[in-house]
Amino acid sequence: MAQPLCKSFGVPTITLVPTMKIKNKWNLPDTLVNLAERDPYSKGGADFSVTQLIDSPKISYLQEKHDHEIEVDITQSFWSLVGRAMHNVCEGGAEDHHIIEERMFMLIDGKTVSGAIDVQEVLDDKHVNIYDYKFTSAWAVQRVKEDWERQLNMYAQLVRSCKGMEVNKLFIVAIIRDWNRHKVGMKGYPPAPVQVIPIVKWPARHTIQYIRERVDAHTTARSLLLSGDHYAGCSDEERWKRNDVHAIHINGSKRA
């Protein structure tokens, strides 16, 4: 079962920790480089974060182990920086019944899982709505990602476990960075550059089972990788593998 730790807090203070090496190939202003290097993100000492559990266990382990060796150009992390700025916007626009950037913790099978929710809209003493802001592409909005559903439902379980409250509705607020007004009217194309997308809410029992499966997958993978034993690696879904296709050539023709 998901056991509450009854622990939550707001936006953490900035703590600099060893992180990936930021390069500046295009000579952008130092302020952007400094901002990238001063990333305040922390999972608060938890064994796993919600977003970490969604990811491939092997990728998650290797990224954490080699984070200080990875080199990334500032342009590759630009949208992440803009996303951090959006959290400040949420704070500035919050109502009295909004809770902004609250990190919560729960215990699952002996492992601590944490997650920071962008906005909780408190409806009454027992109910909240959850909003998660994302800078994303028009393509992603047209084909809503399964990972968004997984992430927000895990956030809902954090609220249930930590606060004993029920989540009424889940929403992604998608800010579409490549939106083009000339494509409006095309099949499925978003009509505006910001879309509020309702997310399917799972039963609590389903959510807890999913989290337990992911905790087990990550724990098992880490144990195998640390011991040097063989680990199968990433699933087809985690590798974004597409269905196999075959090309048929007739009589030695170069064209299929």
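Now for a quick tour of the structure. (Residues numbered from 1 in each chain as written. Predicted model: local features only at pLDDT ≥ 70, side-chain atom pairs only at ≥ 80, totals over all residues. Heavy atoms only, no water.)

1. Observations regarding the nonpolar core
If you look at the biggest cluster of nonpolar residues, it comprises 35 residues, and the most contacted ones within it are Ile130 and Val159. Looking at this core element by element, the count peaks at eight residues for helix α6 (residues 146-163). Not counting chain neighbours up to four residues away, the residues in contact with Val159 comprise Met104, Ile117, Gln120, Val128, Ile130, Gly164, Met165 and Val167. Residues Cys90, Tyr131, Phe171 and Ile175 belong to the second largest nonpolar core, which totals eight residues. (Core = buried A, V, L, I, M, F, W, Y, C linked by side-chain atoms within 4.5 Å. Buried < 20%, exposed > 50% of the residue type's maximum accessible area, 1.4 Å probe, protein only. Helix = DSSP H or I, 4+ residues; strand = E, 2+ residues; numbered from the N terminus. Contact = heavy atoms within 4.5 Å.)

2. Details of the packing of aromatic side chains
Within this structure, the stated rule accounts for four aromatic pairs. Arranged with centres 5.4 Å apart and planes meeting at 75°, the rings of Phe78 and Trp79 form a pair that is edge-to-face. When the ring of Trp202 is compared with that of Tyr210, the centres are 5.5 Å apart and the planes differ by 80°; the resulting orientation is edge-to-face. Aromatic rings pair up to connect Phe78, Trp79 and Phe135 into one cluster. (Phe/Tyr/Trp six-rings, centres within 6.5 Å; stacked < 30°, edge-to-face > 60°.)

3. Quick notes on the pairing of strand β6 (residues 111-122)
Where burial is concerned, most of β6 is hidden: 10 out of the 12 residues are buried. In this sheet, β6 lies alongside strand β3 (residues 48-49) in parallel orientation, the contact comprising two bridges. Each residue of the ladder has a partner; that of Phe48, found in β6, is Val113. With 10 bridges connecting them, strand β5 (residues 98-108) and β6 associate as antiparallel partners. If you follow Leu107 over to β6, its bridge partner there is Thr112. Turn length for the β5-β6 hairpin, with the two strands adjacent in sequence and antiparallel, is two residues, and the turn residue Asp109 shows positive phi of about 50°. Pairing between β6 and strand β7 (residues 127-136): four bridges, direction antiparallel. Within the sheet, the bridge partner assigned to Gln120 lies in β7 and is Ile130. In textbook terms, the turn of a hairpin is the stretch between consecutive antiparallel strands, and for β6 and β7 this stretch comprises four residues. (Pairing = 2+ DSSP bridges.)

4. So, the packing of α6 against helix α7 (residues 204-227)
Look at α6 against α7: their axes get within 10 Å of each other, and the N-to-C directions meet at 105°. In terms of axis orientation, α6 runs roughly perpendicular to α7. Every residue of α7 that contacts α6 at Arg150, Asn153, Met154, Gln157 and Arg160 is listed here: Ala204, Thr207, Ile208, Tyr210 and Ile211. (Axes fitted to C-alpha atoms, helices over the stretch in contact; angles between N-to-C directions. Parallel < 35°, antiparallel > 145°, perpendicular 65-115°, else oblique.)

5. Here's the deal with α7
At 3.6 residues per turn, the α-helix brings residues three or four places apart onto the same side. Taking 1.5 Å as the rise per residue, α7 with 24 residues should run 34 Å; its terminal C-alpha atoms sit 35 Å apart, in good agreement. Among the residues making up α7, those that are buried are Thr207, Ile208, Tyr210, Ile211, Arg214, Val215, His218, Ala221 and Arg222. Backbone geometry just after α7 places Gly228 at a positive phi near 85°. (Expected span 1.5 Å × (residues − 1).)

6. Regarding the pattern of salt bridges
Per the counting criterion, the structure on display carries 10 salt bridges. In this structure, the salt-bridge partner of Arg222 is Glu64, at a minimum N-O distance of 3.2 Å. In this pair, Arg222 is assigned in helix α7 and Glu64 in helix α3 (residues 57-66), connecting sequence segments 158 residues apart. A relative accessible area of 16% places Arg222 in the buried class. Glu64 gets classed as partly exposed once you look at its relative accessible area, which sits at 41%. (Salt bridge = Lys/Arg side-chain N within 4 Å of Asp/Glu carboxyl O.)

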